[in-house]
Amino acid sequence: MARLSMSAICVLIFIGDIAKADNNFLTGANDIIAVVDEDGDIKASPFNVQFGKKDIWLPRSGHVVSLEVNEKFVPVGMVLDDEGQAFFDGSSNRQYRFWSALLGLGNPSPIVRTNSATSSQLSRLGLQMGPNPIVYRVTTSSGSIVTTSAVIHLMNNTAKLVVSDIDGTVTKSNIQGMLLPALGLSDWKHDGVVELYRKIANQGYQIVYLTNRAIGQSDMTREYIYSLAEALYKMPRGPVLLQIDSLLGALQTEVIVGQPEVNKIAALNRVKGLFPENPFFSGFGNKAWDILAYKALNIDPDMIFSVGEDSIL
């Protein structure tokens, strides 16, 4: 077993320490899975969105977030807490107040604080079957406008999902796959993955991309996935779900703590709860924790596939 040098150990300890602080510098949002039943009622996965210090340097708590779905503003809003994460808030006519935010008094009330939309709120979004682009917009007290976007994927409650890890499964490495996009660089993909996933999607299955990358990497992660092509095949579009944490926090989960399956199981369980029956048909991963997460979701073991470094299942 290879030994870590003292300097490497110190770096890992340093990352672990600072990951505990508020290091949400980047802005991003998870895609949302919305499920409609036979009566037309809609349930959805959490609206996870974060506005980072890079874009809003003022104290962030209390900033109002407006929503635009399918290029139309909707009568549903959110509010930021002091870490820049957005929540639905029952308060009306909320306004941002600098001193309240600075003193930590601008957070949403814990009584009504949630990132899960009610059926009534979802009904006001004007959703259509398939992908629905959503834009989150904040106007700061200095007058600047900050936005981040995602996609609400509306599907029937009979949909069958195939979940895929990204780093080491679509790409050929875990850590480089997490870090290189943050530096504006792309990682390399496994040969044949685009053709395989496109053929799966053509059979009527919905691909869900799951990763322990930080939510601040959402835009670059979607751009990377959807840029992949092989011959006439293009990567199928589907919900992209990232870890609700900073880049350093995500790295800590992947490398130091070594329990990335915990976040993945939690995220997939939230999706599973939207359906009357288990929607997960198959899963693709490259690490033992991916397989563990898929088994925890009761995916048929014969439909769980591990991708090797040589691109062979």
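Here's a quick rundown of the structure. (Residues numbered from 1 in each chain as written. Predicted model: local features only at pLDDT ≥ 70, side-chain atom pairs only at ≥ 80, totals over all residues. Heavy atoms only, no water.)

### A few points about the overall build of the protein
Then comes step 1: Looking only at helices and strands, the protein has nine helices and 16 strands in total.
Then comes step 2: Long-range pairs, those at least 24 residues apart, make up 69% of the contacts in the protein with a sequence separation of at least 6. (Helix = DSSP H or I, 4+ residues; strand = E, 2+ residues; numbered from the N terminus. Contact = heavy atoms within 4.5 Å.)

### Comments concerning helix 5 (residues 193–202)
Then comes step 1: The set of residues buried in helix 5 consists of Val-193, Val-194, Tyr-197 and Ile-200. The arc that holds the buried residues of helix 5, viewed along the axis, is 130°, so those residues lie on one side.
Then comes step 2: Phi for Gly-204, located one or two positions after helix 5, is positive at around 100°. (Buried < 20%, exposed > 50% of the residue type's maximum accessible area, 1.4 Å probe, protein only. Arc of directions from axis to C-beta.)

### Topic: the pattern of salt bridges
Then comes step 1: In this structure the tally under the stated criterion is nine salt bridges.
Then comes step 2: Close ionic contact of Glu-195 with Lys-199 constitutes a salt bridge, the shortest N to O distance being 2.8 Å. Separated by four residues within a single helix, Glu-195 and Lys-199 lie in helix 5, roughly one turn from each other.
Then comes step 3: Through salt bridges with shared partners, a single network forms among Asp-31, Asp-219 and Arg-222. (Salt bridge = Lys/Arg side-chain N within 4 Å of Asp/Glu carboxyl O.)

### Some thoughts on the side chain of Asp-167
Then comes step 1: Along the chain, Asp-167 falls in the loop between strand 10 (161–165) and helix 4 (175–179).
Then comes step 2: What makes Asp-167 buried here is its relative accessible area of 4%.
Then comes step 3: Engagement of the side chain of Asp-167 in a polar contact is seen with the side chain of Arg-213, the distance being 2.7 Å. (Polar contact = N/O pair within 3.5 Å; in protein donor to acceptor, adjacent residues only side chain to side chain.)

### A short note on the side chain of Ser-164
Then comes step 1: Residue placement: Ser-164 occurs in strand 10.
Then comes step 2: At 2.6 Å, the side chain of Ser-164 and the side chain of Tyr-197 are in polar contact.
Then comes step 3: With residues up to four places along the chain from it excluded, the contact list for Ser-164 reads Thr-169, Val-170, Tyr-197, Val-208, Tyr-209, Leu-210, Phe-284 and Tyr-294.

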